[in-house]
Amino acid sequence: MTRVDLITGFLGAGKTTFILDYARELIRRGERIGIIENDYGAINVDLMLLSRSLGEQGEGNYRLEMVIGGDPDCHRRRLKTKLIAMGIDRFDRVLVEPSGVFDVEEFTDILYEEPLEHMMSLENVITVVDPEQLLKEKENRESGSDRGLSPDARYILGEQLSKAGCVFFSKAENYGEAETEEALRLLNGILQEVQCGRVLTEGDILRRGASLGNSLAGLTGEDWDRILHAGNRDYAYAKRQVVEDGSFTSLFFFYPELQEKEEEAILRRMEEIFRDPALSGLSRIKGFLEDDGEWIEINATREQTEIRKSPVGQPVLIAIGQGITQEAVGHFLKSYENEYRG
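Every value quoted in this text rests on a predicted model; they were computed, and no experiment measured them. (Residues numbered from 1 in each chain as written. Predicted model: local features only at pLDDT ≥ 70, side-chain atom pairs only at ≥ 80, totals over all residues. Heavy atoms only, no water.)

Caption draft 1: Representation of the overall build of the protein within the structure. Scanning the protein from N- to C-terminus turns up 10 helices and 12 strands. Counting contacts in the protein only where the partners sit at least 6 residues apart, residues at least 24 apart contribute 77% of the total. In the structure as shown, the protein presents an accessible area of about 14,900 Å², 46% of it carried by carbon and sulfur atoms. (Helix = DSSP H or I, 4+ residues; strand = E, 2+ residues; numbered from the N terminus. Contact = heavy atoms within 4.5 Å. Areas by Shrake-Rupley, 256 points an atom, 1.4 Å probe, with all protein chains shown as cover.)

Here it is as structure tokens:
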């Protein structure tokens, strides 16, 4: 049977970086893999980045597919169809990277449906967490700011943690042991909020030992073996609907034409957007700007904004969050044309 690994984590936690290095490690070990990007937005910029990064490695040993959000029933059918196709092609392993607002049980239920229950088995569930994001969220809540994770966002993370065989702490260069311990305590607090009896320990946590660009430098062969055998858990928690009730929204801003494209100017614009009280539910802005034939990749969350040059891109910025509107975000993007071009 084809093994399936589910890579979860909230928006901006570092899932795409993790899955890229995980895929490289699997290909290095001789596995033939499929990757399904199950994005909440209708345009998947992460899939483009994975395709670019894996393009020169192991041609024929991997396949990238995308499933977009939308109507829940249609979304499930699309996901199931992609999984069946990869099962028929007998991939050794399929990596599924869902959106950061994804219902984990939706995925596991699909695997028990015909014909997938005879073709695939759930192997590992790995939740990627950015401890710095957690610590800043704690500071916001303690200061009385409404810029912290919403109850729905905390619920989604709690659900993911209840199923994780391993919790991977990303961006290790930004924190030390004290921050790691505090992040672990905060994660257990989130598990309590969703009425889950699980208590995470240091043995459930894996972190890289060093940073080298955007790779997972510092992970040893032993670390990868541990990830490959992480397994999954099935702790009970208080179930409720979040994604399907329309709590989260994706807004699209096509063909962006920002007048100032220097890094500091972009950073200021992102900070202005996230500071607006009308956008307290905004979780992430991601996408690309074009600058004289080159692409600028933007990945912004409430806690931090990453900006880098990219050889490929799409002329779009996507805003994801709760209670956000086209008008509120567009107020800060006056020089953007917010429509499709034929």
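Structure shown, so let's carry the discussion forward.
Caption draft 2: Focus on helix α8 (residues 221–228). When we look at burial in α8, the residues that qualify are D223, W224, I227 and L228. The arc enclosing the buried residues of α8, seen along the axis, measures out at 140°, which places them on a common side. (Buried < 20%, exposed > 50% of the residue type's maximum accessible area, 1.4 Å probe, protein only. Arc of directions from axis to C-beta.)

Caption draft 3: Broad picture of the pattern of salt bridges. The full count for this structure, using the stated rule, is 23 salt bridges. For K309, the salt bridge is made with D291, and the minimal N-O distance between the two is 4.0 Å. Taken together, the residues span a long stretch of sequence, with K309 in strand β11 (residues 305–310) and D291 in strand β9 (residues 282–291) at a distance of 18 residues. Residue K309 is classed as exposed on the basis of its relative accessible area, which comes to 52%. Its salt-bridge partner being E297, residue R308 comes within 3.3 Å of it at the nearest N-O pair. With R308 in strand β11 and E297 in strand β10 (residues 294–301), the pair connects residues that are 11 residues apart, well separated along the chain. You can call R308 partly exposed: its relative accessible area is 25%. The exposure class assigned to E297 is buried, which follows from its relative accessible area of 8%. (Salt bridge = Lys/Arg side-chain N within 4 Å of Asp/Glu carboxyl O.)

Caption draft 4: Seen up close, the packing of helix α6 (residues 151–163) against helix α7 (residues 177–193). As a packed pair, α6 and α7 sit with axes 8 Å apart at the nearest point and diverge in direction by 100°. Classified by the interaxial angle, the pair formed by α6 and α7 is roughly perpendicular. Two secondary-structure elements touch here, α6 through R154, L157, G158, L161 and S162 and α7 through L187, I190, L191 and E193. Residue composition of the contact of α6 with α7, grouped by class: five nonpolar, two polar and two charged. (Axes fitted to C-alpha atoms, helices over the stretch in contact; angles between N-to-C directions. Parallel < 35°, antiparallel > 145°, perpendicular 65-115°, else oblique. Nonpolar A, V, L, I, M, F, W, Y, C, P; charged D, E, K, R; others polar.)

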